[in-house]
Amino acid sequence: YVLKPTFTAQQITNLDKQAKLSRAYDGTTYLPGIVGLNNIKANDYANAVLQALSNVPPLRNYFLERPPGDIMFLLVQRFGELMRKLWNPRNFKAHVSPHEMLQAVVLCSKKNFQITKQGDGVDFLSWFLNALHSALGGTKKKKKTIVTDVFQGSMRIFTKKLPHPDLPAEEKAQLLQNTEYQEMMVESTFMYLTLDLPTAPLYKDEKEQLIIPQVPLFSILAKFNGATEKEYKTYKENFLKRFQLTKLPPYLIFCIKRFTKNNFFVEKNPTIVNFPIT
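Residues numbered from 1 in each chain as written. Predicted model: local features only at pLDDT ≥ 70, side-chain atom pairs only at ≥ 80, totals over all residues. Heavy atoms only, no water.

Q: Please explain the packing of helix H4 (residues 74-86) against helix H5 (residues 99-108) as it appears in this structure.
A: Describing two packed helices takes the angle between their axes plus the distance from one axis to the other. The N-to-C vectors of H4 and H5 enclose an angle of 160 degrees; their axes lie 9 Å apart at closest approach. What the angle tells us is that H4 and H5 run roughly antiparallel. In terms of crossing hand, the pair formed by H4 and H5 is left-handed. Facing H4, whose interface residues are Leu-74, Leu-75, Arg-78, Phe-79, Leu-82 and Lys-85, H5 presents Glu-100, Met-101, Ala-104, Val-105, Leu-107 and Cys-108. Of the residues assigned to the contact of H4 with H5, the class counts are nine nonpolar, no polar and three charged. (Axes fitted to C-alpha atoms, helices over the stretch in contact; angles between N-to-C directions. Helix = DSSP H or I, 4+ residues; strand = E, 2+ residues; numbered from the N terminus. Parallel < 35°, antiparallel > 145°, perpendicular 65-115°, else oblique. Left-handed = near helix turned anticlockwise from the far one by under 90°. Contact = heavy atoms within 4.5 Å. Nonpolar A, V, L, I, M, F, W, Y, C, P; charged D, E, K, R; others polar.)

Q: Just to check I follow, could you spell out unusual backbone geometry for this structure?
A: Excluding glycine, residues mostly carry a negative phi; peptide bonds, for their part, are mostly trans. In this model, Lys-110 sits at a positive phi of 55 degrees, which is unusual for a non-glycine residue. Here Lys-110 shows up in the loop between H5 and helix H6 (121-135). Given a relative accessible area of 71%, Lys-110 falls into the exposed group. Of note in the backbone geometry, Lys-111 takes a positive phi value of approximately 70 degrees without being a glycine. Structurally, Lys-111 can be placed in the loop between H5 and H6. (Buried < 20%, exposed > 50% of the residue type's maximum accessible area, 1.4 Å probe, protein only.)

Q: In this structure, what is going on with the packing of helix H2 (residues 44-53) against H6? I would like to understand it.
A: For the pair H2 and H6, interaxial distance at closest approach is 9 Å and the crossing angle is 50 degrees. One way to sum up the angle between H2 and H6 is to call them oblique. Pair H2 / H6 crosses with right-handed handedness. For the pair formed by H2 and H6, the contact residues are Tyr-45, Ala-46, Val-49, Leu-50 and Leu-53 on the first element and Gly-121, Phe-124, Leu-125, Phe-128 and Leu-129 on the second. Each residue belonging to the contact of H2 with H6 can be placed in one class, and the counts come to nine nonpolar, one polar and no charged.

Q: Would you mind showing me how to read the nonpolar core here?
A: Within soluble globular proteins, side chains that are nonpolar generally end up buried alongside one another. Core analysis: the biggest nonpolar cluster contains 44 residues, and Leu-53, Phe-79, Phe-124, Phe-128 and Phe-151 have the highest contact counts within it. Elements with a minimum of two residues in this core: H2, helix H3 (57-65), H4, H5, H6 and helix H7 (146-151). Those residues in contact with Phe-79 that lie beyond four places of it in its chain are Leu-50, Leu-53, Leu-59, Phe-63, Met-101, Phe-128 and Leu-132. Among the nonpolar cores identified, the runner-up in size contains twelve residues, and Leu-193, Leu-195, Leu-217 and Phe-243 belong to it. (Core = buried A, V, L, I, M, F, W, Y, C linked by side-chain atoms within 4.5 Å.)

Q: Explanation requested: the sheet that holds strand S5 (residues 153-162) in the structure shown.
A: Strands belonging to one sheet form pairs held by backbone hydrogen bonds; the direction of such a pair is parallel or antiparallel. If you trace the four strands from one edge of the open sheet to the other, you get S6-S5-S10-S9, paired in antiparallel fashion. The open sheet is flanked by strand S6 (184-190) and strand S9 (230-233), the only strands paired with a single partner. Each adjacent strand pair in this sheet contributes to an overall mean axis angle of 35 degrees, direction not counted. Where S5 and strand S10 (residues 238-247) come together, nine bridges link them in antiparallel fashion. (Pairing = 2+ DSSP bridges.)

Q: In this structure, what is going on with the side chain of Asn-91? I would like to understand it.
A: The residue Asn-91 is located in the loop between H4 and strand S4 (95-96) in this model. Judged by its relative accessible area of 4%, Asn-91 is buried. Polar side-chain contacts of Asn-91 include one of 3.1 Å to the side chain of Asn-88. Look past the residues within four positions of Asn-91 in its chain and what remains in contact with it is Val-2, Ala-24, Tyr-25, Tyr-30, Lys-85 and Val-96. (Polar contact = N/O pair within 3.5 Å; in protein donor to acceptor, adjacent residues only side chain to side chain.)

Written out as structure tokens, the structure reads:
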């Protein structure tokens with residue numbers, strides 16, 4: 001049963017109604033679903049994503065209902081097995097090994113994500129959700145799956161090309177009349193929203209300590225209000241973009257962009273994001 005746990009429809013219905021501690025066979029107590037995953041070497045980035053996804057009720061219930069091995073595709077099968085082990089009320093220990101799941105990730109991602117090499121959690125999340133959707137028979141436009149039903153939203157992206165900043169004012173004004181420089185709108189879907197933090201201060205306070213700024217969640221969400229514009233630079237051209245959300249998914253994933261890479265090192269922005277308390 002530990003290797004291949006199964007759940008009845010009644011057990012799945014009661015998962016969120018009772019917070020009963022289970023006792024593992026080694027004597028430790030744990031709460032099913034709130035279970036540790038072994039860090040084999042450098043797979044903590046993947047563990048964090050897998051644990052978060054395992055606590056999204058519709059996604060969890062979908063995989064708990066499916067009997068082990070009913071889908072041949074390895075990634076889906078292994079994720080279903082891991083989900084059932086995480087929610088198993090009769091485990092041997094209060095933690096679970098994700099080894100089989102991670103082996104499937106290494107194989108299906110063609111070694112882009114590995115157990116022995118640190119990876120980026122957001123890159124893994126993006127790949128995993130899209131791979132899961134595709135493996136379940138989903139397509140980009142028409143056919144939906146449990147993944148898109150739970151996480152996919154839609155937005156409008158407004159883009160306006162900007163003239164080169166070094167051009168004379170008259171030439172800029174003339175270019176802005178061209179069709180190429182008019183604002184264009186496209187409809188797009190998303191699985192998660194990337195939120196940008198304000199630039200961290202360079203100076204210290206009067207006590208010679210680094211200032212750790214704070215920002216409300218609603219302030220960084222203003223990026224998607226349809227009015228806030230932001231400049232995006234490419235190698236040759238500059239664009240002004242604004243984003244307008246048109247449909248929110250039942251479960252909204254935020255990715256707070258905290259790391260920026262340059263030629264020499266990766267810089268971390270220490271800004272604290274204050275979430276509203278409900």
